[in-house]
Structures are given as structure tokens and as C-alpha cells.
Amino acid sequence: MLGILKQDTEQELDPNQPRPQPGVSSLPELIENVRQAGLTVDYQVTGTPRDLPALLGLTAYRIVQEGLTNTLKHAGPGAQTSVHLDFGRETLLVVVTDDGRGGGVAPSSDPGHGLVGMRQRAFISGGTVNAGPKAGGGYEVIAKLPYNLPGGGVAQ
């Protein structure tokens, strides 16, 4: 199942052809792939969607991708999962939650680099990521990605 989430980074590519990076417009396809792997995912978008710079869109996509990967690894395929994007006035809010009831794999001694990577991506985009257990069970990832980019740029 986890291979489905990683396949876009491992496909054979023509080195002479530039490869477009995924963004928020690629999320429905990612979520459908995860659903086909057996995970129930509720996907919601609120606010007025806007075009995002490539870096910001890629950051949001990778945070969702890692959140769903972690759900498959730790909460398991029976978990109820939610992905919510909120296009606010100044910030894109990305929330990935699960109920932790999927009977996933026991925690490993290697925490991996997923949460660190999410935080680094958000930081580069001028944002933040908070992740941890939810009250009552499950796990939650909350990313706040401002439209005002580092260096004074503004996402349109």
C-alpha cells in the first residue's frame, strides 16, 4: 500500500524531459490512490481556492502525502482519515487527521524523517507544522502556510 504513495517519486523518467511537480491540484489523484489502497479518506476544501506558487503547492502536497503515509503505517488501513485544505485570507491551512483505529503496525524504533521533512518544507515556505496525538485517539498534522512568501513575494 505504501508503494502507491511513493510511486510518483520512483517512476522511470526521461532525463531529458522536465517533470512537473505535484501541487494541490494533484491531491484528488493522490487521495484516490490511497482510497484504492484501502484507507477511508474524507477530503474537503474550504475557502476560495487560488493559484499557488509551485513551492507552496508542492509543500502542501508533500505534507498531505506524508500525513497519509504515516496513517497507513501507524493507524492502519481501517482508520478513518480526513484531509482538509482551508484557503484562508492570508494562509493555506492543511490538516490531516486520523482516528487511530486501524490497527496499524507497531511503532518502530526508527522515527523516520517524515515529520522533520514536513517541518522543513513548511519552514522553507514561511510556514509551520504541528503534529501529534489527538485527544481521544488518533493523530493530527496541522500546517499553516502563508501566502506571503519568504523574501517578500506574495502568492496570487
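All of these numbers come straight from a predicted model, not from anything done at the bench.

> Just to check I follow, could you spell out the packing of aromatic side chains for this structure?
Pairs of aromatic rings are described using the distance from one ring centre to the other and the angle between the two planes. Counting across every chain of the model gives zero aromatic pairs. The aromatic ring of Tyr-147 is capped on one face by Arg-50, whose charged end is 3.6 Å from the ring centroid.

> Which parts of the structure should I look at to understand a nonpolar patch on the surface?
Taken together, Leu-55, Phe-123 and Ile-124 make up a surface patch of nonpolar side chains, about 350 Å² in accessible area. On the secondary structure map, Phe-123 appears in helix 4 (residues 114-124). Overall, the relative accessible area of 66% leaves Phe-123 in the exposed class.

> Got a minute to help me understand the side chain of Thr-59 in this structure?
Along the chain, Thr-59 turns up in helix 3 (residues 54-75). For Thr-59, a relative accessible area of 2% corresponds to the buried category. Sequence-distant contacts of Thr-59, that is, excluding residues within four places in its chain, are made with Arg-121, Ala-122, Ser-125 and Leu-145.

> What am I meant to see in the pattern of salt bridges here?
Proximity of charged atoms lets side chains of opposite charge pair with each other. Applying the stated criterion across every chain, the model contains one salt bridge. Two residues, Arg-35 and Glu-32, come together in a salt bridge whose shortest N-O distance is 3.8 Å. Taken together, the residues Arg-35 and Glu-32, both in helix 2 (residues 27-36) and three residues apart, mark about one turn of the helix. Classification of Arg-35 by relative accessible area gives partly exposed; the value is 36%.

> What is the right way to look at empty space enclosed by the protein in this model?
Unoccupied space between atoms shows up once a probe the size of one water molecule is rolled over them. As enumerated under the stated definition, the model contains one cavity of 30 Å³ or more in all. One number sums up the size of the largest cavity: a volume of about 40 Å³. Taken together, Gly-67, Asn-70, Thr-71, Val-96, Thr-97, Asp-98, Tyr-139, Glu-140 and Val-141 make up the full set of residues lining the largest cavity. Looking at the lining of the largest cavity, the elements with two or more residues in it are helix 3, strand 3 (91-98) and strand 5 (139-146). The residue inventory of the lining of the largest cavity, partitioned by class, reads three nonpolar, four polar and two charged.

Cut-off values and rules
Residues numbered from 1 in each chain as written. Predicted model: local features only at pLDDT ≥ 70, side-chain atom pairs only at ≥ 80, totals over all residues. Heavy atoms only, no water. Phe/Tyr/Trp six-rings, centres within 6.5 Å; stacked < 30°, edge-to-face > 60°. Lys NZ or Arg CZ within 6 Å of the ring centre and 35° of its normal. Patch = residues over 30% accessible without salt bridge, like charges linked within 9 Å, V, L, I, M, F, W, Y side chains within 5 Å. Areas by Shrake-Rupley, 256 points an atom, 1.4 Å probe, with all protein chains shown as cover. Salt bridge = Lys/Arg side-chain N within 4 Å of Asp/Glu carboxyl O. Helix = DSSP H or I, 4+ residues; strand = E, 2+ residues; numbered from the N terminus. Buried < 20%, exposed > 50% of the residue type's maximum accessible area, 1.4 Å probe, protein only. Contact = heavy atoms within 4.5 Å. 1 Å grid on protein atoms, 1.4 Å probe; cavity = no way out; pocket = protein on both sides within 12 Å on 5 of 7 lines; lining within 4 Å. Points joined across faces, edges and corners; volume = space filled by probe spheres on them. Nonpolar A, V, L, I, M, F, W, Y, C, P; charged D, E, K, R; others polar.

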